[in-house]
Amino acid sequence: ASQHRLWPEIEKTVKQQVAMARMGIGECGSGWQLFAEDGEMKMYRREEEIDGMVVDPLKAVHVVKGITGHEVCHHFFSPQYRYDWETTLEQMTVLETISDDTLLFLQTHKRIWPASQRDVVFWSHIRKLPNDQDRDGPDIWTVVNNSTGHPDHPANVGKCVRIFLTVCLLCQTRVNPPKDGTPLSRENVSCKITYCSVVNPGGWAPASVLRAVYKREYPKFLKRFTAYVTNQTKNKPIMF
Ligand SMILES: CC(C)(C)c1cc(CCc2ccccn2)cc(-c2ccc(S(=O)(=O)CCO)cc2)c1
């Protein structure tokens, strides 16, 4: 993949997004408002507009017991699971397999009233990162999705409004080994998830409507997705 035309952008974006995801909310600059909380899940957003377009950056942190960072990233990255957990997905096409850890997607999403239908073209890259804080701790896993152009799928030509996004899912596995030396089981693992996203919904949509959609959709997405991974992995060997 290193010789692919997108590789320099992928390298740069992954490094940038991982650095941002690792910063705590306090360090991430001011203006983050907590807008949703459910148990371990906390969701923050900043109100930001570009050319009058709502692009509110979102940062969510969540801790889920019984699954690992590799399992969370694997189910987020791999196309074969996406229709199971991405409820707004209408059509997903892998336009290019850049390498086994990098895919190019075209997705059309279901129309959400009153906005018109949206589509998105993005590269998606999954990577294991050394855990530089805790050397003998489990690795950190990440998936970064970033919009890109594609000659065969120009923006805003068909019926869909093109959205532009950068998404980073960063997962840190925690292991609490059993005292009595019994083999490791899912009770002994948990995953700290940081989900960062900036989505420019493209086209015109009233700020109030978009903010209401964000507020409703994002907490649903993260709860649904993590419940899906828990359900998919519960009777399977742990994937570190
Ligand atoms: C929630 C909002 C920011 C507005 C939004 C609206 C729409 C367009 C469809 C839609 C969904 C929900 C509400 C309105 N429109 C899509 C997305 C979106 C698409 C893709 C990804 S991904 O990270 O690539 C995961 C793989 O699908 C994340 C977010 C977000």
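See the structure shown above.
Described in the following lines is the structure provided in the data block. Model, not experiment: these values are computed from the prediction.

### Observations concerning the overall build of the protein
Secondary structure assignment for the protein yields four helices and 12 strands. Compactness check: the protein gives a C-alpha radius of gyration of 18 Å against a globular reference of 18 Å for 240 residues, within 12% of the reference. Projected onto the principal axes, the alpha-carbon positions of the protein cover approximately 60 × 40 × 35 Å. In the protein, which comprises 240 residues, the share counted as buried stands at 51%. Within the protein, contacts between residues at least 6 apart in sequence are counted, and of these 62% link residues at least 24 apart. Just so you have it, the protein exposes about 12,000 Å², and 55% of that area is on carbon and sulfur atoms.

### Remarks on the site of the ligand
Lining the immediate surroundings of the ligand are 20 residues, of which Glu-86, Gln-107, Ile-112, Val-213 and Tyr-214 lie closest. Within the contact set of the ligand, an oxygen atom lies 2.4 Å away from a side-chain nitrogen or oxygen of Glu-86. A distance of 2.9 Å separates an oxygen atom of the ligand from a polar atom in the side chain of Gln-107. Burial of the ligand by the protein amounts to 94% of the accessible area it has alone, namely 610 Å². Among the detected pockets, the ligand sits in the largest pocket. For the shell around the ligand, the element with the most residues is helix α4 (residues 207-233), which contributes four residues. The class makeup of the residues in the shell around the ligand is 12 nonpolar, four polar and four charged.

### Considering the pattern of salt bridges
Taken as a whole, this structure holds 15 salt bridges when the rule is applied. The closest approach of N and O atoms between Lys-42 and Glu-37, which form a salt bridge, is 3.7 Å. We note a salt bridge from Glu-47 to Arg-45, for which the minimum N-O separation is 3.3 Å. Judged by relative accessible area, which is 43%, Glu-47 ranks as partly exposed.

### Looking at the side chain of Asp-119
Its place among the elements puts Asp-119 in strand β8 (residues 118-129). Accessibility expressed as a relative area gives 10% for Asp-119, which makes it buried. Among the polar contacts made by the side chain of Asp-119, one reaches the side chain of Arg-162 at a distance of 2.7 Å. The residues contacting Asp-119, other than those within four sequence positions of it, are Gln-107, Thr-108, Cys-160, Val-161, Arg-162 and Ile-163.

### Remarks on helix α1 (residues 7-22)
Think of an α-helix as 3.6 residues a turn; residues three or four steps apart then line up on the same face. Helix length check: α1 (16 residues) gives 22 Å between terminal C-alpha atoms against 22 Å at 1.5 Å per residue, within 8%. Among all positions in α1, only Trp-7, Ile-10, Thr-13, Val-14, Gln-17, Val-18 and Ala-21 are buried. Summarising the axial view, the buried residues of α1 lie within an arc of 125°, below the 170-degree limit, and thus occupy one face. Exposed positions of α1 whose direction lies more than 90 degrees from the buried face are Pro-8, Lys-12 and Lys-15. For α1, the secondary structure elements touched by its buried residues are β5 (58-65), β7 (102-109), β8, β9 (140-147), β11 (164-175) and β12 (189-200).

Cut-offs used in this document
- Residues numbered from 1 in each chain as written.
- Predicted model: local features only at pLDDT ≥ 70, side-chain atom pairs only at ≥ 80, totals over all residues.
- Heavy atoms only, no water.
- Helix = DSSP H or I, 4+ residues; strand = E, 2+ residues; numbered from the N terminus.
- Rg over C-alpha atoms; globule rule 2.2 N^0.38 Å.
- Buried < 20%, exposed > 50% of the residue type's maximum accessible area, 1.4 Å probe, protein only.
- Contact = heavy atoms within 4.5 Å.
- Areas by Shrake-Rupley, 256 points an atom, 1.4 Å probe, with all protein chains shown as cover.
- Near = heavy atom within 4 Å.
- Polar contact = N/O pair within 3.5 Å; in protein donor to acceptor, adjacent residues only side chain to side chain.
- 1 Å grid on protein atoms, 1.4 Å probe; cavity = no way out; pocket = protein on both sides within 12 Å on 5 of 7 lines; lining within 4 Å.
- Sits in = over half its atoms within 2 Å of the grid points.
- Nonpolar A, V, L, I, M, F, W, Y, C, P; charged D, E, K, R; others polar.
- Salt bridge = Lys/Arg side-chain N within 4 Å of Asp/Glu carboxyl O.
- Expected span 1.5 Å × (residues − 1).
- Arc of directions from axis to C-beta.

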